[in-house]
Amino acid sequence: MKKDSDFASGEHFSIVSAECYFQGTLSVQGSLRVDGTLEGSVDNARQVIVGEGGKIVGDVTGQTVVCSGEIEGNVCAEMLEVLGKASIRGDIRAQKMIVEEGGRIEGMCKIGGAEAVLPTKEEPEEK
């Protein structure tokens, strides 16, 4: 996260600390850091950071996703960083992706192009 806090600008930060376990879907308008365990999806985040001891079991959607822990689910982001100790098991759609040496990915990746952009709210199907 940035050195200078964005609290004055109204940026919201949420934290699931190392001692925490959360179950359910989080709809995050600002940034989220996960150092504990989150079972459920993360929707609409500006930035999602998964620390080395952090684990998300569910889909993650955000503008920027930085993983140095574990994600077991699909990831959709404009920018995805997979750090050296990270493990992602699921499909990835991103405009840009960086994978450090040692970072592991198990799943299909679609990087760049129109099909990699963040999904919009799906319209109901016509019958």
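Residues numbered from 1 in each chain as written. Predicted model: local features only at pLDDT ≥ 70, side-chain atom pairs only at ≥ 80, totals over all residues. Heavy atoms only, no water.

Draft legend 1. How the structure looks around the sheet that holds strand 2 (residues 21-23). Taken together, the 6 strands give an open sheet; going across it, the order is 2-5-7-9-11-13, and neighbouring strands pair in parallel fashion. At either margin of the open sheet sits one strand with a lone partner, and together these are strand 2 and strand 13 (104-106). Each adjacent strand pair in this sheet contributes to an overall mean axis angle of 5°, direction not counted. With 3 bridges connecting them, strand 5 (residues 37-39) and strand 7 (residues 55-57) associate as parallel partners. Within strand 7, the position partnered with Thr 37 by the bridge is Lys 55. (Pairing = 2+ DSSP bridges. Helix = DSSP H or I, 4+ residues; strand = E, 2+ residues; numbered from the N terminus. Axes fitted to C-alpha atoms, helices over the stretch in contact; angles between N-to-C directions.)

Draft legend 2. Representation of the confidence of the model for the chain. The share of residues in the chain with pLDDT of 70 or more is 80%, and the mean pLDDT across the chain is 86. A low-confidence stretch, residues 1-8 (pLDDT under 50), is modelled with 7 contacts involving residues beyond four sequence positions or located in other chains. (pLDDT = per-residue confidence, 0-100. Contact = heavy atoms within 4.5 Å.)

Draft legend 3. Local environment of the pattern of salt bridges. Applying the stated criterion across every chain, the model contains 5 salt bridges. Across the salt bridge formed by Glu 70 and Arg 89, the nearest N and O atoms sit 3.2 Å from each other. With Glu 70 in strand 9 (residues 70-72) and Arg 89 in strand 11 (residues 87-89), this residue pair connects regions lying 19 residues apart in the sequence. We note a salt bridge from Glu 72 to Arg 89, for which the minimum N-O separation is 2.5 Å. Placement of Glu 72 in strand 9 and of Arg 89 in strand 11 is noted, with a sequence separation of 17 residues between them. Residue Glu 72 is classed as partly exposed on the basis of its relative accessible area of 26%. By relative accessible area, Arg 89 is classed as partly exposed at 32%. (Salt bridge = Lys/Arg side-chain N within 4 Å of Asp/Glu carboxyl O. Buried < 20%, exposed > 50% of the residue type's maximum accessible area, 1.4 Å probe, protein only.)

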